[in-house]
Amino acid sequence: MSENETPDGAVEPPMHHLVVDACGLTCPLPILRAKKALAQLESGQVLKVLTTDRNAVKDFQAFSRQTGNTLLLQQAVGARVLHYLERR
């Protein structure tokens, strides 16, 4: 069992320090909002981004690889996807 997994197999989201609601926005706006928010955080702090753009999952994976910020979890909740990024 991973550190974020509960006994029933569900994944417990990481604690976050800041939330960006990018629901209703399409690429590249969710990424741009996330980039701006990450600049406000200190190294090791976590940003939670809410999106509805169907391409956001791949966009945030690429963003994480390109910037070195760790993508801790992507979780679908209804029509939204929650992305948790740890600032490098």
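Summary of the structure given here. (Residues numbered from 1 in each chain as written. Predicted model: local features only at pLDDT ≥ 70, side-chain atom pairs only at ≥ 80, totals over all residues. Heavy atoms only, no water.)

Here we come to the pairing of strand 3 (residues 70-77). In this sheet, strand 4 (residues 80-86) lies alongside strand 3 in antiparallel orientation, the contact comprising 7 bridges. By the bridge assignment, Leu73 is partnered in strand 4 with Tyr84. (Pairing = 2+ DSSP bridges. Helix = DSSP H or I, 4+ residues; strand = E, 2+ residues; numbered from the N terminus.)

Once that is clear, we can look at the sheet that holds strand 4. Strand order across the open sheet formed by 4 strands is 1-2-4-3, with mixed pairing between neighbours. A strand with exactly one partner marks an edge of an open sheet, and here the two such strands are strand 1 (18-22) and strand 3. Averaged over all adjacent pairs, the angle separating strand axes in this sheet is 15°, with direction ignored. Along the sheet, helix 2 (residues 56-67) contacts strand 2 (46-51), strand 3 and strand 4; its crossing angle with strand 3, the most-contacted strand, is approximately 170°. (Axes fitted to C-alpha atoms, helices over the stretch in contact; angles between N-to-C directions. Contact = heavy atoms within 4.5 Å.)

Take unusual backbone geometry next. A negative phi holds for most residues other than glycine; trans holds for most peptide bonds. The omega torsion of the bond from Cys27 to Pro28 falls at 10°, within 30 degrees of zero and hence cis. By secondary structure assignment, the location of Pro28 is in the loop between strand 1 and helix 1 (29-38).

Next up on the list: helix 1. Among all positions of helix 1, only Pro30, Ile31, Ala34, Ala37 and Leu38 are buried. Down the axis of helix 1, the smallest arc covering the buried residues is 125°, so these residues share one side. In helix 1, the exposed positions angled more than 90 degrees off the buried face are occupied by Lys35 and Lys36. On its buried face, helix 1 sits against strand 1, strand 2, helix 2 and strand 4. (Buried < 20%, exposed > 50% of the residue type's maximum accessible area, 1.4 Å probe, protein only. Arc of directions from axis to C-beta.)

With 12 residues, helix 2 extends 16 Å between its outermost C-alpha atoms, agreeing within 8% with the 16 Å of an ideal straight helix rising 1.5 Å per residue. Tucked inside the fold, the buried residues of helix 2 contact helix 1, strand 2, strand 3 and strand 4. With its phi angle positive at about 85°, Gly68 sits one or two positions after the end of helix 2. (Expected span 1.5 Å × (residues − 1).)

To continue, consider the packing of helix 1 against helix 2. The contact between helix 1 and helix 2 brings their axes to 10 Å, and the two run at 40°. Relative to helix 2, helix 1 is oriented oblique. As helix 1 packs across helix 2, the resulting crossing turns out to be right-handed. Judged by residue contacts, Pro30, Ile31, Ala34, Lys35 and Leu38 of helix 1 engage Asp59, Phe60 and Phe63 from helix 2. Considering only residue class, the contact of helix 1 with helix 2 consists of 6 nonpolar, no polar and 2 charged. (Parallel < 35°, antiparallel > 145°, perpendicular 65-115°, else oblique. Left-handed = near helix turned anticlockwise from the far one by under 90°. Nonpolar A, V, L, I, M, F, W, Y, C, P; charged D, E, K, R; others polar.)

As a further point, take the packing of aromatic side chains. Within this structure, the stated rule accounts for 1 aromatic pair. Seen from their ring centres, Phe60 and Phe63 are 6.4 Å apart, and the 75° between their planes marks the pair as edge-to-face. Remark: Phe63 and Phe60 occur in helix 2; sequence separation between them is 3 residues, near one turn of the helix. You can call Phe63 buried: its relative accessible area is 7%. (Phe/Tyr/Trp six-rings, centres within 6.5 Å; stacked < 30°, edge-to-face > 60°.)

Scope: geometric values only; no functional claims are made or implied.
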